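Overview (structure and organization)
Next come the chains, spelled out residue by residue.
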Amino acid sequence: MHISNQKKRLTGIAVPLGALKTRHSIGVGEFPDLVELANLCKACGIELIQLLPVNDSGFQSSPYSALTAFALHPLYLRIDAMEEAQGFETQLQELKERFEALPRFAYGPLQDAKIALLREMFHKNKKKILASAEPGKKLHTWIQQNPWIRDYAVYRRLKDAHHGAHWKEWTQVKNVDEKLIQELWNNIEYKEEHLFWVWVQEALDHQFTQAAKTIHEMGIILKGDIPILMNEDSADVWAHSELFHRDLSAGAPPEPLNPLGQNWQFPTYNWEALEKTGYAWWISRLRLASRYYSAFRIDHVLGFFRIWASSRKDNSA
């Protein structure tokens, strides 16, 4: 799905996935809706679709404030396309009618409602889902192919346990390493909660992969948008703090229209630590993006070469 030596000028559009709501979706655009957009693009001679970031951003509606560089946003899941949705037709219709009646997109309430319904579905199908996580089965294989899911699932469980608070405000496991995260992942007490997030992410990955494949077969380029920086309150910074300068905050220098400059409150990368790993985190991030996209842009790509940073203690800018 990669583009090589692309020199031809293309006509394209840039869209947030959430704006692609169709008669099939609930309250917001969902991954399968990309195919309907692609059909329209095909008819109009549009050859490229660029998506805004689609990572899980939790309580933050900004797609550039993700909880992870890897997991997809549960908002974009087409729930009624899931096998486990059988028997939940009434709840799905009620959810659709409730959010279709609102005059504006209700980000928080819709996210909460979708996740609540997914939890009901998980509970009803728990035996089957747990069996699928056994060695050699579908969910277990997916976990092996997506090792980032362990960090994310453990982080997501802990974040919910702390009512959405920043990990620096948690009462436990604020400082972790790979060994501790693995111990938490293996704790039988938390197995079901961890597998809930695995199950949701596997379904999202399946739907996005299928939509991307269909778009590619139509001859349309699907282009991604990758923010170069990570939110400090993210699974990545929490689980791999050694890869980031958490005492520094990226931003923009002072200039005439903004004499104090800007402080974005995102940590900068510890490139020396990343180099020692062979840049494994970035390679994993881009490899996952390549699963869906034929091309992608990196927002603020100049940050690979130079970036303005100030002390995190300085919040004046």
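For the structure itself, look to the data block above.
In this text, all values refer to a predicted model and were calculated from it rather than measured experimentally.

Examining the overall build of the protein
A count of helical and extended segments in the protein gives eleven helices and seven strands. Its C-alpha atoms put the protein at 55 × 55 × 40 Å along the principal axes. In the protein, which comprises 317 residues, the share counted as buried stands at 50%. Excluding contacts between residues fewer than 6 apart, the proportion of contacts in the protein whose partners are at least 24 apart in sequence is 74%. Accessible area for the protein stands at about 16200 Å²; split by element, carbon and sulfur atoms hold 53% of it. Charge centroids of the protein, computed over 37 positive and 38 negative side chains, lie 4 Å from each other.

A closer look at the packing of aromatic side chains
A ring pair, where both rings are aromatic, is described by two values, the distance of the centres and the angle of the planes. Following the criterion strictly, the structure yields 27 aromatic pairs and no others. Centre to centre, the rings of W142 and W148 are 5.8 Å apart; their planes meet at 80°, and the pair counts as edge-to-face. Given the relative accessible area of 14%, W148 is considered buried. The aromatic ring of F196 is capped on one face by R119, whose charged end is 4.3 Å from the ring centroid. One cation-aromatic arrangement involves R157 over Y190; the distance from NZ or CZ to the ring centre is 3.5 Å.

Structural notes on the state of the cysteines
For the structure shown, the criterion picks out zero disulfides. Of the cysteine sulfurs around C41, a residue in no disulfide, the closest is that of C44, at 7.0 Å. C41 sits in the buried class, given a relative accessible area of 2%.

As for helix 5 (residues 138-145)
Considered for burial, the residues of helix 5 that qualify are L139, W142 and I143. Axial view of helix 5: buried residues confined to an arc of 100°, hence all on one face. Against helix 4 (126-132), helix 6 (148-161), helix 7 (178-186), helix 8 (191-217) and helix 11 (280-292) lie the buried residues of helix 5.

Some remarks on the sheet that holds strand 6 (residues 295-299)
Taken in spatial order, the four strands of this open sheet run 1-2-3-6, and their pairing is parallel. The open sheet is flanked by strand 1 (12-15) and strand 6, the only strands paired with a single partner. Here the strands of the sheet are splayed against their neighbours by 20° on average, with no regard to which way each runs. Of the strands in this sheet, strand 3 (221-227) and strand 6 touch helix 11, which is tilted by about 150° from strand 3.

Criteria and thresholds
- Residues numbered from 1 in each chain as written.
- Predicted model: local features only at pLDDT ≥ 70, side-chain atom pairs only at ≥ 80, totals over all residues.
- Heavy atoms only, no water.
- Helix = DSSP H or I, 4+ residues; strand = E, 2+ residues; numbered from the N terminus.
- Buried < 20%, exposed > 50% of the residue type's maximum accessible area, 1.4 Å probe, protein only.
- Contact = heavy atoms within 4.5 Å.
- Areas by Shrake-Rupley, 256 points an atom, 1.4 Å probe, with all protein chains shown as cover.
- Lys, Arg positive; Asp, Glu negative; His and termini not counted.
- Charge placed at Lys NZ, Arg CZ, Asp CG, Glu CD.
- Phe/Tyr/Trp six-rings, centres within 6.5 Å; stacked < 30°, edge-to-face > 60°.
- Lys NZ or Arg CZ within 6 Å of the ring centre and 35° of its normal.
- Disulfide = S-S within 2.5 Å.
- Arc of directions from axis to C-beta.
- Pairing = 2+ DSSP bridges.
- Axes fitted to C-alpha atoms, helices over the stretch in contact; angles between N-to-C directions.

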